[in-house]
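Here's the letter readout for the chains.
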2 protein chains.
Amino acid sequence: MRREPPPPPSPSREIEAALRTGATTGIIGYRLRRAQLSVFQKFLSVFDELKLRPADYSVLVLIADNPGRKQTEIAEVLGVKRANFVTLVHGLEERGLVERIPSHADKRANALHLTAAGEAFLAHARAVHETMEQELIARLGGEKARKTLLDLLDRLT
Amino acid sequence: MRREPPPPPSPSREIEAALRTGATTGIIGYRLRRAQLSVFQKFLSVFDELKLRPADYSVLVLIADNPGRKQTEIAEVLGVKRANFVTLVHGLEERGLVERIPSHADKRANALHLTAAGEAFLAHARAVHETMEQELIARLGGEKARKTLLDLLDRLT
DNA sequence: TATTGTTATACTCTATAACTATA
DNA sequence: TATAGTTATAGAGTATAACAATA
């Protein structure tokens, strides 16, 4: 049985230790940012093959669960400006995953739907995501820990 | 006693409800991002008068607790590229908060210190931050909840 | 008048390459 | 050769203003 090689002592480790102790221990925003960046980095590497960014995935999920909604509605829920949402949804449309169907009830609006290809693609993406999610849950220490985390995060939002 | 006016039912609320239930309930990364953005937004509004961004504050705290370190060391711990750290620390230097003292041990390096003005400024900033932190802790439900959150976040990092 | 989608634009943050002066 | 600081630059993400078509 091989031992893990010990990490080399480096100045940055000393400083990191200092950052994590003493007067700076309780910086919630800082720890939140580091954790979020770490999870997003994981997401990017896992979804690299699918060419899906976090925003793309959330848009696909939201359209799938709420078909026929206007661009403005989907964008608002995700906290994306409608001006920036245009580029996002056009990219998904060019890949044949999303359809922008002109609404006959309101000729200004586009109703968003997934294509058949989009549904199939999302099914695969959801499976990939579920695997990642299970790994995160394992790291947290189980389902109960996940629920605790989401509850605490909601109180900050 | 007046009742709060009920929030108007809007399409976005319906969609948000859909997002928070069903198949998309457990997206840890999404919830993490929303909470982080919310806390950073709070930070920006609270520190607007001090013209301090989150990265600025963390740099000041780190220099104060680890005086004499090189730029590269501080930058690395914070996850900032040393190229981008230059602009950051120069800004703090122009405001008279930080000194870049050429190291005589290594003529390539700058040793970072806070000026007297920087120390005073940081003392004030720390007080402001502590107030914000206490508010976050209250929202979480107390010290124990904060400890639980930081522990869970560490497992994701 | 207000809203939907859109374009244009700008600002911040982040990432890489390349240079200089030292080591 | 490698490292510290620096400059230049490019790419995301995000913000606002303004326009045409429609409500």
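Remember, it's a predicted structure, so these values are computed and weren't measured experimentally. (Residues numbered from 1 in each chain as written. Chains lettered and ligands numbered in written order. Predicted model: local features only at pLDDT ≥ 70, side-chain atom pairs only at ≥ 80, totals over all residues. Heavy atoms only, no water.)

Engineer: Help me understand the overall build of chain A in this model?
Structural biologist: Scanning chain A from N- to C-terminus turns up seven helices and two strands. What you see in chain A, going N to C, is helices and strands ordered as α-α-α-α-α-β-β-α-α. Looking at the 157 residues of chain A, the share that counts as buried comes to 41%. Nonlocal contacts in chain A, meaning residues at least 24 apart in sequence, comprise 49% of its contacts between residues at least 6 apart. When the accessible surface of chain A is summed, it comes to about 8,900 Å², and 54% of that surface belongs to carbon and sulfur atoms. (Helix = DSSP H or I, 4+ residues; strand = E, 2+ residues; numbered from the N terminus. Buried < 20%, exposed > 50% of the residue type's maximum accessible area, 1.4 Å probe, protein only. Contact = heavy atoms within 4.5 Å. Areas by Shrake-Rupley, 256 points an atom, 1.4 Å probe, with all protein chains shown as cover.)

Engineer: Sorry, what's going on with helix α6 (residues 116–140) of chain A here?
Structural biologist: Two residues of an α-helix separated by three or four positions point the same way, owing to the 3.6 residues in each turn. Relative to the 36 Å expected for 25 residues at 1.5 Å per residue, α6 of chain A spans 36 Å between its end C-alpha atoms, a close match to the ideal helical length. Inspection of α6 of chain A places Gly 118, Phe 121, Leu 122, Ala 125, Val 128, His 129, Met 132, Glu 133, Leu 136, Ile 137 and Leu 140 of chain A among the buried residues, and these make up the whole buried set. Buried residues along α6 of chain A sit against α2 (28–46), α3 (54–65), β2 (110–114) and α7 (143–156) of chain A together with α2 (28–46) and α7 (143–156) of chain B. Positive phi shows up at Gly 141 of chain A, right after α6 of chain A, with a value of about 115°. (Expected span 1.5 Å × (residues − 1).)

Engineer: Mind showing me how you'd approach the protein's contact with DNA strand C here?
Structural biologist: In the vicinity of DNA strand C, 20 residues are found, and the nearest of them are Lys 70, Thr 72, Arg 100 and Arg 108 of chain A together with Asn 84 of chain B. The protein-proximal atoms of DNA strand C, defined as those within 4 Å of the protein, are 55% sugar or phosphate. Arg 53 of chain B is positioned with one of its side-chain polar atoms (N or O) 3.3 Å from a phosphate oxygen of DNA strand C. Counting residues per element, the ones that place at least two in the surface near DNA strand C are α4 (71–78) and α5 (82–94) of chain A together with α5 (82–94) of chain B. Looking at the surface near DNA strand C, the element that brings in the most residues is α5 of chain A, giving four residues. (Near = heavy atom within 4 Å. Polar contact = N/O pair within 3.5 Å; in protein donor to acceptor, adjacent residues only side chain to side chain.)

Engineer: What is the right way to look at helix α4 (residues 71–78) of chain B in this model?
Structural biologist: Residue and element names in this part refer to chain B. For α4, the buried fraction is high: six of the eight residues fall into the buried class. Listed in full, the buried residues belonging to α4 are Gln 71, Glu 73, Ile 74, Ala 75, Val 77 and Leu 78. The positive-phi residue at the C-terminal boundary of α4 is Gly 79, with phi of around 75°.

Engineer: Would you mind showing me how to read the packing of α7 of chain A against α7 of chain B here?
Structural biologist: Packed helices, taken two at a time, are described by the angle between their axes plus the distance between the axes. In contact at an axis separation of 10 Å, α7 of chain A and α7 of chain B are set at 115° when each is read in the N-to-C sense. One element, α7 of chain A, and the other, α7 of chain B, form an angle in the roughly perpendicular class. The element α7 of chain A and its partner α7 of chain B pack so that their crossing is left-handed. Residues Ala 145, Thr 148, Leu 149, Leu 152, Leu 153 and Leu 156 of chain A of α7 of chain A form the contact with α7 of chain B, whose participating residues are Ala 145, Thr 148, Leu 149, Leu 152, Leu 153 and Leu 156 of chain B. Its residues assigned to classes, the contact of α7 of chain A with α7 of chain B shows ten nonpolar, two polar and no charged. (Axes fitted to C-alpha atoms, helices over the stretch in contact; angles between N-to-C directions. Parallel < 35°, antiparallel > 145°, perpendicular 65-115°, else oblique. Left-handed = near helix turned anticlockwise from the far one by under 90°. Nonpolar A, V, L, I, M, F, W, Y, C, P; charged D, E, K, R; others polar.)

Engineer: Is there a simple way to think about the side chain of Asp 56 of chain B in this case?
Structural biologist: Residue and element names in this part refer to chain B. Among the structural elements, Asp 56 can be located in helix α3 (residues 54–65). Buried and unpaired, Asp 56 has Arg 95 as its nearest opposite-charge partner, separated by 5.0 Å. Residues in contact with Asp 56, not counting those within four places in the same chain, are Lys 51, Leu 88 and Leu 92. (Lys, Arg positive; Asp, Glu negative; His and termini not counted. Salt bridge = Lys/Arg side-chain N within 4 Å of Asp/Glu carboxyl O.)

Engineer: What should I look at first to understand the protein's contact with DNA strand D in this one?
Structural biologist: The full set close to DNA strand D counts 20 residues, and Asn 84 of chain A together with Lys 70, Thr 72, Arg 100 and Arg 108 of chain B are the nearest of them. Sugar plus phosphate: this is where 57% of the atoms of DNA strand D within 4 Å of the protein reside. Within the side chain of Thr 72 of chain B, an N or O atom sits 2.5 Å from a phosphate oxygen of DNA strand D. For the surface near DNA strand D, the elements supplying multiple residues, two or more each, are α5 of chain A together with α4 and α5 of chain B. Split into classes, the residues belonging to the surface near DNA strand D amount to four nonpolar, five polar and eleven charged.

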